[in-house]
Amino acid sequence: MKTSNPVLARLGQAAERERAAGYAPAGAYGQPGYGQPYPTDAGYPAAPPTVTPMSVDDVVVKTVTLLGITGLSAALAWVLVPDALVGVAWIGAAVVGLVLGLVISFMRIANPALVVTYAVVEGVFVGMVSKYFEVIAGYQGIVLQAVIATFGVFFLMAMLYRAKVIRATPKFVRGVIAAMIGIFAVILINFVLALFGVDTGLRSGGPVAIGFSLICIVIASLSFILSFHEVEEGVRMGLPQRYSWTAAFGILVSLIWLYIEILRLLSYFQGDD
């Protein structure tokens, strides 16, 4: 089945190659040619190996698993990393997580081990950011508030998608992807400028920072629609079961991004008290 999503298109091609893995050209590695039956010890033809397609339940299980790993990693980092090293651990986990995220995003095959590693690293990142705001900056209760708000938005978007209030049309998909690329570019540029002492006001807690965080929260929320759509299309295309890890990875990325932005926004309001 065709799809306008380039990532799903690549995954679909990979899935087709996996399903046809046993049908190599005649003579290659001793395998029969295309359309030729598989030999058995008894001399009778056997059916080619089947690939179990992924389901929505597979994605749900993988997503919950990754969230559990991320949460456990965050809790351990919070407890084990001393306050003096929070900044170092924060930046280190952010860089490693970014690299792993890009590798997973641009790979054409699903790699469960890499996705789990990403969850562990992001757990350290989330733990350090959370500890900074809750303990070092002194915003009591902000982590629990951000967690509740994050999952509240997630379930709201899931209901809106299920009720078809928001549809992942090709135009919608292109618009959200373009907005995400633009936001990430702005965040990267702002980070580089901050290293040279330039304050753009995007993260300073003022009206501009509040407005920017609200924009990020809206886009992060809409990215769930893309993830739900990818899961739906992936199931419809019959992607192999292990690709559910890739789908769960996409949901995890959006959840972490949304959580961080909500955490920042809440800190701006608490900082005015």
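Note that the structure is predicted; figures quoted are calculated from it, not measured.

Undergrad: Outline the side chain of glutamate 122, supporting the account with residue identities and numerical values.
TA: Structurally, glutamate 122 can be placed in helix 4 (residues 112-136). With no salt bridge to any partner, buried glutamate 122 finds its closest opposite charge in arginine 264, at an N-O distance of 12 Å. If near-sequence neighbours (up to four positions away) are discounted, glutamate 122 is found in contact with Thr70, Ala93, Gly97 and Ile256.

Undergrad: Which residues make up unusual backbone geometry, and what are the values?
TA: In this structure, lysine 164 is a non-glycine residue whose phi angle is positive, near 60 degrees. Among the structural elements, lysine 164 can be located in the loop between helix 5 (142-162) and helix 6 (170-195).

Undergrad: Talk me through the packing of aromatic side chains; I want residue IDs and the actual numbers.
TA: For any pair of aromatic rings, the description consists of the separation of the ring centres together with the inter-plane angle of the planes. Scanning the entire structure with this criterion turns up ten aromatic pairs. Ring geometry for phenylalanine 184 against tryptophan 257: centres 4.9 Å apart, planes inclined by 40 degrees, an arrangement best described as tilted. Of this pair, phenylalanine 184 sits in helix 6 while tryptophan 257 sits in helix 8 (residues 244-270); the two residues are 73 residues apart in sequence, bridging distant segments of the chain. We classify phenylalanine 184 as partly exposed; its relative accessible area is 40%. By relative accessible area, tryptophan 257 is classed as buried at 11%. On the numbers, 6.3 Å between centres and 20 degrees between planes, the contact of phenylalanine 224 with phenylalanine 228 is stacked. With phenylalanine 224 and phenylalanine 228 both in helix 7 (residues 207-237), this residue pair falls four residues apart, about one helical turn. Neither phenylalanine 224 nor phenylalanine 228 differs from the other in exposure class; each is buried. Taken together, the ring pairs in this structure connect Phe154, Phe155, Tyr161, Phe224 and Phe228 into an aromatic cluster. In this arrangement the basic side chain of arginine 242 is found over the ring face of tyrosine 243, its NZ or CZ atom lying 5.3 Å from the centre.

Undergrad: So what about the packing of helix 3 (residues 86-106) against helix 4? Which residues, and what values?
TA: With their axes 8 Å apart at the nearest point, helix 3 and helix 4 run at an angle of 150 degrees to one another. Put simply, helix 3 runs roughly antiparallel to helix 4. For the element pair helix 3 and helix 4, the recorded crossing hand is left-handed.

Undergrad: Hey, could you go over a nonpolar patch on the surface for me, with residue numbers and the actual values?
TA: Taken together, the side chains of Leu188, Ile189, Phe191, Val192, Leu193, Leu195, Phe196 and Val198 make up a nonpolar region of the molecular surface, amounting to roughly 800 Å² of accessible area. Looking at where phenylalanine 191 falls in the secondary structure, it is placed in helix 6.

The rules behind the values
- Along each chain, the written sequence defines residue order, and numbers are assigned to residues from 1.
- For this predicted model, a pLDDT threshold of at least 70 governs which residues receive local features, and a threshold of 80 or more governs which side-chain atom pairs are given and counted, while totals over whole chains, interfaces and linings are taken from all residues.
- As a rule here, side-chain values come from all non-hydrogen atoms in the structure, and water together with hydrogens is ignored.
- Starting at the N terminus, helices and strands are each numbered in turn, a helix being any DSSP run of H or I of at least four residues and a strand any DSSP run of E of at least two.
- For the exposure calls, accessible area comes from a 1.4 Å probe over protein chains only, and a residue counts as buried if that area is under 20% of its type's maximum, exposed if over 50%, partly exposed in between.
- The charged-residue count follows a simple rule in which Lys and Arg add positive charge and Asp and Glu add negative charge, with His and chain termini not counted at all.
- Take a side-chain nitrogen of Lys or Arg and a carboxyl oxygen of Asp or Glu: if they are within 4 Å of each other, that pair is a salt bridge.
- Should any heavy atoms of two residues lie within 4.5 Å, those residues are considered in contact.
- Note on ring pairs: Phe, Tyr and Trp rings are taken, using the six-membered ring of Trp, and paired if centres are within 6.5 Å. Classes follow the plane angle, with under 30 degrees stacked, over 60 edge-to-face and the rest tilted.
- Only when the NZ atom of a Lys or the CZ atom of an Arg is both within 6 Å of the ring centre and within 35 degrees of the ring normal do we say a charge sits over the ring.
- Axis angles are defined between N-to-C directions and span 0 to 180 degrees, where every axis is a line fitted to C-alpha atoms and, for a helix, only to the segment in contact.
- Oblique is the label for any angle not covered by the other classes, which are roughly parallel (under 35 degrees), roughly antiparallel (over 145) and roughly perpendicular (65 to 115).
- Here is the rule for handedness: rotate from the far helix to the near one, and if that takes an anticlockwise turn smaller than a right angle the crossing is left-handed, while a clockwise turn gives right-handed.
- For patches, a residue must show more than 30% relative accessible area and have no salt bridge; joins then use 9 Å for like charges and 5 Å for nonpolar side chains, namely Val, Leu, Ile, Met, Phe, Trp and Tyr.
- The protein chains shown are the only cover counted for residues, whose accessible areas, like all others here, come from Shrake-Rupley with a 1.4 Å probe.

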